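Each chain is listed here by its residues.
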Amino acid sequence: DAGVIQSPRHEVTEMGQEVTLRCKPISGHDYLFWYRQTMMRGLELLIYFNNNVPIDDSGMPEDRFSAKMPNASFSTLKIQPSEPRDSAVYFCASSLATPWAAKNIQYFGAGTRLSVL
Amino acid sequence: SQELEQSPQSLIVQEGKNLTINCTSSKTLYGLYWYKQKYGEGLIFLMMLQKGGEEKSHEKITAKLDEKKQQSSLHITASQPSHAGIYLCGADRNFGNEKLTFGTGTRLTIIP
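Here the structure is a predicted model, which is why all the values come from computation and not from measurement.

How each quantity is defined
- Residues numbered from 1 in each chain as written.
- Chains lettered and ligands numbered in written order.
- Predicted model: local features only at pLDDT ≥ 70, side-chain atom pairs only at ≥ 80, totals over all residues.
- Heavy atoms only, no water.
- Phe/Tyr/Trp six-rings, centres within 6.5 Å; stacked < 30°, edge-to-face > 60°.
- Helix = DSSP H or I, 4+ residues; strand = E, 2+ residues; numbered from the N terminus.
- Contact = heavy atoms within 4.5 Å.
- Salt bridge = Lys/Arg side-chain N within 4 Å of Asp/Glu carboxyl O.
- Polar contact = N/O pair within 3.5 Å; in protein donor to acceptor, adjacent residues only side chain to side chain.
- Nonpolar A, V, L, I, M, F, W, Y, C, P; charged D, E, K, R; others polar.
- Disulfide = S-S within 2.5 Å.
- Buried < 20%, exposed > 50% of the residue type's maximum accessible area, 1.4 Å probe, protein only.

Chemist: Tell me about the packing of aromatic side chains, and name the residues and values.
Modeler: The tally for this structure, following the rule as stated, stands at 11 aromatic pairs over all chains. Between Tyr-31 of chain A and Tyr-48 of chain A, the aromatic rings sit 6.3 Å apart at their centres with planes inclined by 45 degrees, giving tilted as the arrangement. Here Tyr-48 of chain A lies in strand E5 (residues 42-50) and Tyr-31 of chain A lies in strand E4 (residues 31-38), a separation of 17 residues in the sequence. Taken together, a centroid distance of 5.7 Å and an interplanar angle of 70 degrees make the contact between Tyr-35 of chain B and Phe-45 of chain B edge-to-face. Linking Tyr-35 of chain B in strand E4 (residues 31-37) with Phe-45 of chain B in strand E5 (residues 43-49), this pair joins segments that are 10 residues apart in sequence.

Structure representation (structure tokens):
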């Protein structure tokens, strides 16, 4: 398997523009997670899905952020409008629901480095 | 305040030396997961610990979870350049929860 695939790897945009980050999880995985990593706040969970359904979006910073998972093989994280403080590395990860012990073994993509000018 | 504290924040070690990284929680953990991150890359799963007193090893890396399940250590023996990177501990705080909280990370540099 190719692993979790994220695109683009790098994104530079101007404040106020819409940004869409994409993720393809590992085939057969039940959970998909979106994280944001910054020097100041470390790795933060934004939202996660189980079988394409959002389970917990309490980490989404504000209404400018939205995430969708239209099918088992694709998810997007959208920021509209973007602001300089959104600059960070955004990671997508996926995991299996079973066996139970493996539920939290998450497989990460390489990340998207977002710079908002 | 951080729910998971890692120490040290950064570590510079001469190649061949041993080192230890710690991860401490103020609450009992149901599971503790160690990941490694290289610059510009995603996290790679290293080991999972679930039982108090549990210890696991893989190649030259050993991870332990204390009996109270509130502290874990990651020990590297005879460090190599390939061990360089950021080590993060992650924890699930609720039984059956698939959500992880991560520590702030420890940046490890290996010098020749």
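Having put the structure on the table, let's press on.
Chemist: Give me the lowdown on the interface of chain A and chain B, citing residues and values where you can.
Modeler: At the interface, 22 residues of chain A touch 20 residues of chain B. Along the contact surface separating chain A from chain B lie 1 salt bridge. One salt bridge connects Asp-56 of chain A with Lys-99 of chain B, and the closest N-O pair in it is separated by 2.6 Å. At the surface where chain A touches chain B, the tally comes to 4 residue pairs in polar contact (both at pLDDT 80 or more). Those elements that provide at least two residues to the side of chain A that touches chain B are E4 and E5 of chain A. Of the residues forming the side of chain A that touches chain B, the biggest block, 4 residues, is contributed by E4 of chain A. Across the side of chain A that touches chain B, the residue classes break down as 12 nonpolar, 5 polar and 5 charged.

Chemist: Outline the state of the cysteines, listing residues and values.
Modeler: Residue and element names in this part refer to chain B. On inspection of all chains with the given rule, the structure shows 2 disulfides over all chains. Note on cysteine connectivity: Cys-23 is disulfide-linked to Cys-89, with sulfurs 2.0 Å apart. Between Cys-23 and Cys-89 the sulfur-sulfur dihedral comes to about 80 degrees; the bridge is accordingly right-handed. Note that Cys-23 is positioned in strand E3 (residues 19-25) and Cys-89 in strand E9 (residues 85-92), a separation of 66 residues in sequence. Comparing Cys-23 with Cys-89 shows no difference in burial state: the two are buried.

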